[in-house]
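Architecture at a glance
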There are 2 protein chains.
Amino acid sequence: MGENRYDDEVFFQKYGGMLRSRKGLAGAGEWPALEKLLPDFSGQRVLDLGCGYGWHCRYGADHGAASVLGVDLSERMLNRAAELNSAPGITYRRAAMEELDFPEDSFDIVLSSLAFHYIRDFPRLIGGISRWLRMGGALVFSVEHPVFTAYGSQDWYYGEDGEILHFPVDRYYIEGEREAVFLGERVTKYHRTLTTYLDTLLRAGFALSRVVEPQPPEEMMELPGMRDELRRPMMLLVSARKGQRPGV
Amino acid sequence: MGENRYDDEVFFQKYGGMLRSRKGLAGAGEWPALEKLLPDFSGQRVLDLGCGYGWHCRYGADHGAASVLGVDLSERMLNRAAELNSAPGITYRRAAMEELDFPEDSFDIVLSSLAFHYIRDFPRLIGGISRWLRMGGALVFSVEHPVFTAYGSQDWYYGEDGEILHFPVDRYYIEGEREAVFLGERVTKYHRTLTTYLDTLLRAGFALSRVVEPQPPEEMMELPGMRDELRRPMMLLVSARKGQRPGV
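Residues numbered from 1 in each chain as written. Chains lettered and ligands numbered in written order. Predicted model: local features only at pLDDT ≥ 70, side-chain atom pairs only at ≥ 80, totals over all residues.

1. Here we look at the overall build of chain A
Note the cut-off: Each helix is a run of H or I in the DSSP string that is no shorter than four residues. Each strand is a run of E no shorter than two, and both are numbered from the N terminus. Both definitions apply: the radius of gyration is a C-alpha atom measure, and the globule rule equals 2.2 Å times residues to the power 0.38. Exposed residues have 12 or fewer other C-beta atoms within 10 Å of their own C-beta, buried residues have 20 or more, and partly exposed residues fall in between, where C-beta atoms are placed from the backbone. We call two residues in contact whenever the C-beta atoms placed from their backbones are within 7 Å.
The number of helices and strands found in chain A is 8 helices and 11 strands. Radius of gyration (C-alpha) of chain A: 18 Å, near the 18 Å computed for a compact globule of 248 residues. Residues classed as buried in chain A amount to 46% of the 248 residues present. Pairs at least 24 apart in sequence give 65% of the contacts found in chain A among residues at least 6 apart.

2. Considerations on the relation of the copies chain B and chain A
Note that the two copies of the chain are related through a rotation about an axis and a translation along the same axis. Our working rule: Least squares is used to superpose the copies, and the fit set is the C-alpha atoms of residues whose pLDDT is at least 70 in both copies.
By a simple turn and slide, chain B fits onto chain A: the slide is 0.0 Å along the axis, the RMSD is 0.0 Å, and the turn is 180°. In the structure described here, the two chain copies are related by an operation that fits a two-fold rotation axis. Residues of chain B ranked by C-alpha distance from the rotation axis are headed by Pro168(B), positioned 2.5 Å from it. Most of the interface of chain B is mirrored in chain A, where 100% of its interface residues are also at the interface.

3. A few points about the pairing of strand E8 (residues 176-182) of chain B
Residues and elements named next belong to chain B. So the rule is basically this: Two strands make a pair as long as DSSP finds a minimum of two bridges between them.
The sheet contact formed by E8 and strand E9 (residues 185-191) spans 7 bridges and is antiparallel. Paired with Phe182 across the strands is Glu185, a residue of E9. The hairpin turn running from E8 into E9, its antiparallel successor, is 2 residues long, and Leu183 in that turn takes a positive phi close to 55°.

4. Some words on the interface of chain B and chain A
Put simply, the rule reads: Each residue is assigned to one class: nonpolar for Ala, Val, Leu, Ile, Met, Phe, Trp, Tyr, Cys and Pro, charged for Asp, Glu, Lys and Arg, and polar for all the others, Gly among them.
Between chain B and chain A, the contact holds 36 residues from the first and 36 residues from the second. Elements with a contribution of two residues or more to the side of chain B that touches chain A: strand E7 (164-169), helix H8 (194-203), strand E10 (206-212) and strand E11 (235-242) of chain B. At 6 residues, the largest contribution of residues to the side of chain B that touches chain A is made by E10(B). Along the lines of polarity and charge, the residues of the side of chain B that touches chain A split into 19 nonpolar, 8 polar and 9 charged. Pairing of strand E7 (residues 164-169) of chain A with E7(B), which is carried by 3 bridges, proceeds in the antiparallel orientation. Within E7(B), the position partnered with Val169(A) by the bridge is Phe167(B).

5. Considerations on helix H6 (residues 122-132) of chain A
All names here are of chain A. Rules: The directions considered for the arc are those from the helix axis to the C-beta atoms.
Buried residues of H6: Ile126, Ile129, Ser130 and Trp132, and no others. Looking straight down H6, one finds its buried side chains confined to an arc of 165°; they lie on one side. Against the buried residues of H6 lie strand E1 (45-49), strand E4 (107-113), strand E5 (133-144), helix H8 (194-203) and strand E11 (235-242).

6. A short note on the confidence of the model for chain A
Spelled out, the test is: Per residue, pLDDT measures the predictor's confidence, with a range of 0 to 100.
Residues at a pLDDT of 70 or more form 97% of chain A, whose mean pLDDT is 93. Under the prediction, the complex receives an ipTM of 0.92, its pTM being 0.93.

7. Regarding unusual backbone geometry
Look at Leu183(A): it is not a glycine, yet its phi comes out positive at around 55°. Structurally, Leu183(A) is set in the loop between strand E8 (176-182) and strand E9 (185-191).

8. A closer look at the sheet that holds E7(A)
Strand order in the open sheet formed by 4 strands is E6(A)-E7(A)-E7(B)-E6(B), and the pairing between neighbours is antiparallel. Of all the strands in the sheet, just strand E6 (157-158) of chain A together with strand E6 (157-158) of chain B have a single pairing partner and so form its edges.

9. Some thoughts on helix H5 (residues 75-84) of chain B
All names here are of chain B. Regarding H5, the residues found buried are Met77, Leu78, Arg80 and Ala81. Angular distribution of buried residues about the axis of H5 spans 160°; they occupy a single face of the element. In H5, the exposed positions angled more than 90 degrees off the buried face are occupied by Glu75 and Glu83. On the buried face of H5, the contacting elements are strand E2 (67-72) and strand E3 (90-94).

10. Structural notes on the nonpolar core
Rules: For this entry, the nonpolar core is defined as buried Ala, Val, Leu, Ile, Met, Phe, Trp, Tyr and Cys residues connected by C-beta atoms within 7 Å.
Core analysis: the largest hydrophobic core is formed by 134 residues, its most contacted members being Val110(A), Leu139(A), Leu208(A), Val110(B), Leu139(B) and Leu208(B). Excluding residues that lie within four positions of it along the chain, Val110(B) makes contacts with Leu47(B), Leu49(B), Ile129(B), Trp132(B), Leu133(B) and Leu139(B).

11. Looking at the environment of Met220(A)
Structurally, Met220(A) is set in the loop between strand E10 (206-212) and E11. Spatially, the C-alpha atoms of Met220(A) and Gly27(A) are 9.3 Å apart, while their sequence positions differ by 193 residues.

12. So, the sheet that holds E10(B)
Residue and element names in this part refer to chain B. Spelled out, the test is: In this analysis, axes come from line fits to C-alpha atoms, helices being fitted only over the stretch in contact, and the angle between any two N-to-C directions falls in the range 0 to 180 degrees.
Ordered in space as E3-E2-E1-E4-E5-E11-E10, the 7 strands form an open sheet in which the pairing is mixed. This sheet does not close on itself; its edge strands, each paired only once, are E3 and E10. Sheet twist, expressed as the mean angle between neighbouring strand axes with direction ignored, is 15°. Along the sheet, H5 contacts E2 and E3; its crossing angle with E3, the most-contacted strand, is approximately 165°.

13. A few points about the environment of Leu202(B)
Inspection of the secondary structure puts Leu202(B) in helix H8. Residue classification places Leu202(B) among the buried residues on the basis of 21 C-beta atoms within 10 Å. Distance in space between the C-alpha atoms of Leu202(B) and Ala33(B) is 22 Å, their sequence separation being 169 residues. In contact with Leu202(B), other than residues within four places in its own chain, are Leu208(A), Ser209(A), Arg210(A), Val211(A) and Leu208(B).

14. A word on the environment of Ser86(A)
Residue and element names in this part refer to chain A. Residue position: Ser86 is located in the loop between helix H5 (75-84) and strand E3 (90-94). Residue Ser86 is classed as partly exposed on the basis of its 14 C-beta neighbours within 10 Å. When the C-alpha positions of Ser86 and Gly52 are compared, they lie 13 Å apart, and in sequence the two are 34 residues distant.

15. Remarks on the packing of H6(A) against H8(A)
Residue and element names in this part refer to chain A. Rules: In a left-handed crossing the near helix is turned counterclockwise from the far helix by less than a right angle, and in a right-handed crossing that turn is clockwise.
It is the contact of H6 with H8, at a shortest axis distance of 10 Å, that shows an interaxial angle of 35°. The way H6 lies across H8 gives a crossing that is right-handed. Two secondary-structure elements touch here, H6 through Phe122, Pro123 and Ile126 and H8 through Thr196, Thr200 and Leu201. Per-class residue counts for the contact of H6 with H8 are 4 nonpolar, 2 polar and no charged.

Okay, structure coming up:
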């Protein structure tokens, strides 16, 4: 099983200091937009890929899910999830999502929040998810936006006086590894195009329900740097249903 | 009826010199990708919004369309369309696409190639197209990519020695007018986000069939500037079907 930045002591401490870690869903700028994309959890079997601290697992359980399986590669994350977000029906499991396998029709809902950009082979993962989901089941995920991941540094382009000039895009069609700096530590992520994210789903037989690039909510707009978030998209939210799509 | 850059003598001459104008579909880098998204034209009633020289109208007629209505705002364009691409079943009409209206169920297929970024109110236009299309009818269009239109200049960001550094993105969430330079002339286009392009269709009841950011075909890769087209997406191709989409 691969190593994970979130199992690095320093990185994990810094991650723990982020608003989204301290406040959970309410501290994540994209949460209000993501919540609107979620299906009804009542009686559903839920899989959360890259569950982190387990906030989404807890949300599913609190909204009536029959079972929730949260999977993450980081043992530290899972320990925190167990501390913060244990509830009847929730199970946490340590695994790399690329190495998971389940019988067909194992889940009604698959969730993933900001984790798929750590995965090398997205079409293969979608093939798996499509098998594990029942017909008509929902896939809802957020990822870092292709505009945000293309260049690699995930940073603004600055002028001579340190002012932000714009956000740089380069190597857009060259998919694959990017070394970004996140919380002061080097992290490997995978850039892929919007075509790969969306058309892979369509070609795998998913019907897209919603495609949303979230903007910071008005009440977070005065936090440091938030107004600049109107200058480039940082995240992409997608909801889809397995099957039932008309032909091309 | 609004004025149009394509009715400007100098601009029209320059446009006529472009590869896509001289060679038609074969001269348009995105054509092989767009062609794959087109539905079967046999016996279909087709509307082409922003038909230009009429190459797509002719393609539809040549592939068995029952009727093709090509609409463009530019009289010069329509005169060239009549010269180059007349065929039984094709009608050309001068109109602004925002001012069009048709009875419900007037068309089986609506096409538009690189024209929707000239339109101020995209959701309103999609509302119209949705009414004009029969249930299950196809909408296929290309537009300039939101990454390409966001900043406004539609030009690379250059280093001190005139070398390309990257492509700049800014004002992504600030939709609306952009003044770009195209063929040396100032042209007004409208930037909108990917969310507006795709989620408007989904919320209007369309099922997305394909979403593609075309790359230059291998045989055009040695043309000037073509390799740089791998550095940022310039176009977005979308195909969709009216109705029949599952719930969120």
